[in-house]
Protein chains: 2
Amino acid sequence: MFTLIGLGLGDANDITVNGLKAVHDADVVYLEAYTSFLINSSPEELSAAYGKPVIVADREMVESGDVLRDAESKKVAFLVVGDVFGATTHSDLVVRCREQKIECRAIHNASIINAVGCCGLQLYRFGQVLSLCFWTETWKPDSWYDRLKTNRDAGLHTLVLLDIKVKEISDENLARGRKVYEPPRYMKISEAIDQILAVEKRKGRGAVAVDGGTLAVGMARVGSATQQVVAGPMQALRAVDFGTPLHSLVIAGEVHPCEEEHLRLFYLN
Amino acid sequence: MFTLIGLGLGDANDITVNGLKAVHDADVVYLEAYTSFLINSSPEELSAAYGKPVIVADREMVESGDVLRDAESKKVAFLVVGDVFGATTHSDLVVRCREQKIECRAIHNASIINAVGCCGLQLYRFGQVLSLCFWTETWKPDSWYDRLKTNRDAGLHTLVLLDIKVKEISDENLARGRKVYEPPRYMKISEAIDQILAVEKRKGRGAVAVDGGTLAVGMARVGSATQQVVAGPMQALRAVDFGTPLHSLVIAGEVHPCEEEHLRLFYLN
């Protein structure tokens, strides 16, 4: 039996009662720790809170299917930050379970996709979600620009998810076959805004105001006790200290008066 | 103190551990019971599971702000099925708390907005969410059609939320000033498909194939133990018995091979 369990967003106690029960019942507990991380609880704290060992599963262990090895004969719990189907790799595990005739179930939880509603912009007025990657010297993807433009033209809000780099190996170390991991990196709201404005400047099709005047909402550590939400023009948000990860950004579309009332609680100044 | 608490989707134990703690700490517990309902637990079962009375709050109590009355001096827990910001009315409560200087916080949970990922279609490939209403003799809204068309033209998937009518009063009883509630009604997947195809036939702009050949996914009781997910052409899904509420529908956009692998688990026949 393989149970995917969403942990939600904040700490060890954002798991659901049903999720906790499945953890207690499990023979083996893995924590998926490369597509996201839990804001206020380390793997050790999860172990302590749940009263059993939590094995950190990195990209290799998950993508190789290693985490399924025991699931034919044992109860395996697979913890995922947020909800369970935030990443294609988790869908892949469900498919493999079916192929290997392993019983599989999911216990859902909050993720940024729905928790973003706490900023006051209504979920049914969001368009397609975007993801920004860290740029390198040679790789500066901007294919998200068209999607942002489409959302904005339709008056829709856009949730922008910011890159996370965990257990990455530098090109140099990779070339030399050295398994040396870089320190984890989490994209900041200011970096995301810089990237968006740089692409707007280059493409010039008006997805956002090139001077940074478009209304946006910076959101840090959503769903945790230290959550921070600030609304204002993109240019002004660049200067806000949003503190530790995770950061997300919303580019507002047309703001309805009901949304405005709620969003106003978070205005800068 | 006013705490909005998401209940998630299935039963009383889909609440988070933090949410349950807030319920136990609360002096008064309300259940918002008109924008959705919990699939497998009645208000009485919630009371039993949480060990304290749960007061059902209908539209009048919520929209009048009655549920905030005690929150100035007491701890009020306000339970919402799914996540807490699924409806504008909940945003409004947050705004009123600020105006009345009542401390307010939210404890998030899963909602159909993110749990829909269990069908294998990736969340970041969904466009704007649609809501269908029950049609009446005189009122047949179809403004969602343009949004469906926009999503489909962009190759995006569309989550379609289906109407819920709880504690509604008929026009006749309303005219006579009689507070007689109609039995609750929950739109079925087949009704939603009929409505979409009827509008397609009338508008003829090809948001979906008018013969019902467009791939869709019917989803019933998502997040509960009796969850049912079936994928197939809209016309074929019309004939599937999806059982008791709640029902949702996804109109597929372009399906990526990774999505296809997962979605295939749910194909009709």
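Residues numbered from 1 in each chain as written. Chains lettered and ligands numbered in written order. Predicted model: local features only at pLDDT ≥ 70, side-chain atom pairs only at ≥ 80, totals over all residues. Heavy atoms only, no water.

- As recorded by an unreviewed UniProt entry, chain A carries the name diphthine methyl ester synthase and is attributed to Trypanosoma brucei brucei.
- According to its UniProt record, chain A has this under Function (unreviewed entry): "S-adenosyl-L-methionine-dependent methyltransferase that catalyzes four methylations of the modified target histidine residue in translation elongation factor 2 (EF-2), to form an intermediate called diphthine methyl ester. The four successive methylation reactions represent the second step of diphthamide biosynthesis."
- Per its UniProt entry, chain A bears the Sequence similarities (unreviewed entry) comment "Belongs to the diphthine synthase family." (UniProt positions renumbered as here; feature names shortened; annotations may be inferred.)

**Digging into the interface of chain B and chain A**
So, point 1. With 41 residues of chain B at the interface, the matching set in chain A holds 41 residues.
So, point 2. The junction of chain B with chain A conceals about 3,800 Å² of combined surface from both sides, 59% of it contributed by carbon and sulfur atoms.
So, point 3. Across the chain B-chain A interface, the total number found is zero salt bridges.
So, point 4. Contributing elements (two or more residues each) for the side of chain B that touches chain A: helix H1 (17–25), helix H4 (88–99), helix H5 (112–115) and helix H10 (257–263) of chain B.
So, point 5. Of the residues forming the side of chain B that touches chain A, the biggest block, seven residues, is contributed by H4(B).
So, point 6. Considered class by class, the residues forming the side of chain B that touches chain A number 17 nonpolar, 16 polar and eight charged. (Contact = heavy atoms within 4.5 Å. Buried area = accessible area lost by both parts, 1.4 Å probe. Salt bridge = Lys/Arg side-chain N within 4 Å of Asp/Glu carboxyl O. Helix = DSSP H or I, 4+ residues; strand = E, 2+ residues; numbered from the N terminus. Nonpolar A, V, L, I, M, F, W, Y, C, P; charged D, E, K, R; others polar.)

**Let's talk about the domain arrangement of chain A**
Residue and element names in this part refer to chain A.
So, point 1. Along its sequence, chain A is organised into domain 1 (1–109) and domain 2 (111–264).
So, point 2. Here domain 1 and domain 2 have C-alpha centroids that lie 27 Å from each other.
So, point 3. Contacts between domain 1 and domain 2 engage 16 residues on the former and 17 residues on the latter.
So, point 4. Buried surface at the junction of domain 1 and domain 2, summed over both partners, amounts to about 1,100 Å²; 59% is from carbon and sulfur atoms.
So, point 5. Looking at the side of domain 1 facing domain 2, the largest losses of area belong to Leu9, Phe37 and Ile39, adding up to 45% of the total buried there.
So, point 6. Counting the contacts that link domain 1 with domain 2 gives one salt bridge.
So, point 7. In this structure, Lys179 engages Glu60 in a salt bridge whose closest nitrogen and oxygen atoms are separated by 3.4 Å.
So, point 8. At the boundary of domain 1 and domain 2, one finds one residue pair in polar contact (both at pLDDT 80 or more).
So, point 9. Here the side of domain 1 that touches domain 2 is built from residues that sort into five nonpolar, six polar and five charged. (Domains from an automatic or database assignment. Polar contact = N/O pair within 3.5 Å; in protein donor to acceptor, adjacent residues only side chain to side chain.)

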